[in-house]
Amino acid sequence: MKVTFYGIGYVGLVQATVLADAGHDVCCVDIDETRIENLKKGIIPIYEPGLTPLVEKNFAEGRLTFTTDAEFGVNFGDLQFIAVGTPPDEDGSADLKYVLKVAETIATHMNSPKVIIDKSTVPVGTADKVRAQVQSVLGERGSTLEFSVVSNPEFLKEGAAVSDCKRPDRIVIGTDSADAEELMRELYAPFNRNHEKIIVMDIKSAELTKYAANCMLATKISFMNEMANIAERVGADIEHVRQGIGSDSRIGFQFIYPGCGYGGSCFPKDVQALVRTADGIGYESQILKAVESVNYAQKNKLFEYISKHYGVGVDGKDLSGKTFALWGLSFKPNTDDMREAPSRVLMEQLWAAGAKVQAYDPEAMEETQRIYGSRPDLSLMGTKESALNNADALIICTEWQNFKAPDFSLIKEQLSEAVIFDGRNLFEPTRMHKKGIVYWSIGRLAR
């Protein structure tokens, strides 16, 4: 099938590449000329395991093309995927200007019937706005070309996006057109062979399904962080609690790990957007507002521990002269994405208190440099071990696999004081105590 994608970010590039790998002909359109030229050279703008060789292979074999020519893209594909960003507006609602601009572009250049697919995460009612935009432009052209608008939300996890695309849990298709449904079924047939994964529903239900899924997962995280805060105060161990409730099949173990808060491009933005949608229809979403509030507070947790340990605020004391080794900058492992990352909140608090940071992350070093530039209170180190050199304490913000079994003797040797502030509960508190390490973790015992 002939398919066009607009917006070559996490969602667009991964989905387009996996569809090309299944045999479809896919054209990727983006307004960023540098990005398009780099993609043609095999330079991928994001870190996603398994993506680079897949892009190179399908580009070389001619099934995947990259262009800034929107008119070419419109007339290339019968299926037109909108996968541009929907950043939060000033009030937290999703900004649809890029989505509607693509809809306008499609309507301006289309010379044959099209199926227009909303792949971006968009509020309920967006398909109606896309339809109205396309219809308005076609009307100005005096055109009677037919088109359909479909909602086909993505459910990708950063760090596992390629495998999620190749082996999806479900494929949600929101449409009111039998013809569009048949085309979508044909498109996704290579991914629907093992068992039926396609779920067809009305468009507004499909739009809400995406938000509901992410908000449910965010709720589980904030709930568990709330339980960790309670456990800390009553003298319980949240890890034991996690095992106790996770063994209940109705609850399960996924997304019940306490930590220093969730981040990324999806959960914070989508919770905010659904809250604003609810506000807009006169309904107060008390649970979602609490989820957002708990997460905001949880991102301050590590700095609270550090302040308590060093007596910050007592007699005007701050962290001047202190240097902290920081392991983990991305908001989660297996990505370089630092959007809404807890590490950013923490570093900015440390700097404000007069401290310096020596940071290491397996993938997010360039992104950190892009965000913060060169500054005297931030050193980006080549290895996790070098980050420890002459530091006063170690902080862990991201649960990368190679952080889980470090050389504790080296840690004690390199740090001026054997202290670890662990925002991801990677180690056993009793084991740390026996090693002579002061260990601050989320909702656990023994320091």
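Quick caveat, the model's predicted, so the values are computed rather than measured.

## Digging into the pattern of salt bridges
Applying the stated rule across the entire model yields 28 salt bridges. Between Asp128 and Lys204 there is a salt bridge, with its nearest N and O atoms 3.9 Å apart. Within this pair, whereas Asp128 is found in helix H6 (residues 126-141), its partner Lys204 is found in helix H9 (residues 203-234), the two being separated by 76 residues in sequence. Look at Asp128 and you get partly exposed, because its relative accessible area is 39%. With its nearest N and O atoms 2.9 Å apart, the salt bridge here joins Arg444 to Asp237. Taken together, the positions of Arg444 in the segment after strand E14 (438-441) and Asp237 in the loop between H9 and helix H10 (238-246) put the pair 207 residues apart, joining distant regions of the chain. For Asp237, a relative accessible area of 9% gives the class buried. Among the charged side chains, a network of salt bridges with common partners joins Asp128, Arg131, Asp176 and Lys204.

## Structural notes on the side chain of Asp95
Along the chain, Asp95 turns up in the loop between strand E4 (79-82) and helix H5 (97-109). Polar side-chain contacts of Asp95 include one of 3.1 Å to the backbone nitrogen of Lys97. Leave out the neighbours within four places in its chain, and Asp95 touches Gly85, Thr86, Pro87 and Asp89.

## Considering the UniProt feature "binding site: substrate" (unreviewed entry) in the chain
According to UniProt, the feature "binding site: substrate" (unreviewed entry) maps to Phe155, Leu156, Lys157, Glu158, Lys210, Phe255, Ile256, Tyr257, Pro258, Gly259, Gly263 and Lys332 in the numbering used here. Spanning 178 residues, the named residues do not form one spatial group; their C-alpha atoms are separated by as much as 24.1 Å. Residues from the named set that contribute to the lining of the largest cavity are Lys210. Note on placement: Glu158 falls in the loop between strand E6 (147-151) and helix H7 (161-166). Residue class for Glu158 comes out buried when judged on its relative accessible area of 11%. At 3.1 Å, the side chain of Glu158 and the side chain of Ser265 are in polar contact. For Gly263, the location among the structural elements is in the loop between H10 and helix H11 (267-280). Those residues in contact with Gly263 that lie beyond four places of it in its chain are Pro268, Lys299, Phe331, Arg339 and Glu340.

## Some remarks on the state of the cysteines
Disulfide: a covalent bond formed between the sulfur atoms of two cysteine residues. A complete count under the given rule lists zero disulfides for this structure. Here Cys27 stays free of any disulfide, with the sulfur of Cys28 as its closest cysteine sulfur at 6.7 Å. Judged by its relative accessible area of 0%, Cys27 is buried. With no disulfide partner, Cys260 has as its closest neighbouring cysteine sulfur the one in Cys397, 4.7 Å distant. The class of Cys260 is buried, set by a relative accessible area of 1%.

How each quantity is defined
Residues numbered from 1 in each chain as written. Predicted model: local features only at pLDDT ≥ 70, side-chain atom pairs only at ≥ 80, totals over all residues. Heavy atoms only, no water. Salt bridge = Lys/Arg side-chain N within 4 Å of Asp/Glu carboxyl O. Helix = DSSP H or I, 4+ residues; strand = E, 2+ residues; numbered from the N terminus. Buried < 20%, exposed > 50% of the residue type's maximum accessible area, 1.4 Å probe, protein only. Polar contact = N/O pair within 3.5 Å; in protein donor to acceptor, adjacent residues only side chain to side chain. Contact = heavy atoms within 4.5 Å. UniProt positions renumbered as here; feature names shortened; annotations may be inferred. 1 Å grid on protein atoms, 1.4 Å probe; cavity = no way out; pocket = protein on both sides within 12 Å on 5 of 7 lines; lining within 4 Å. Disulfide = S-S within 2.5 Å.

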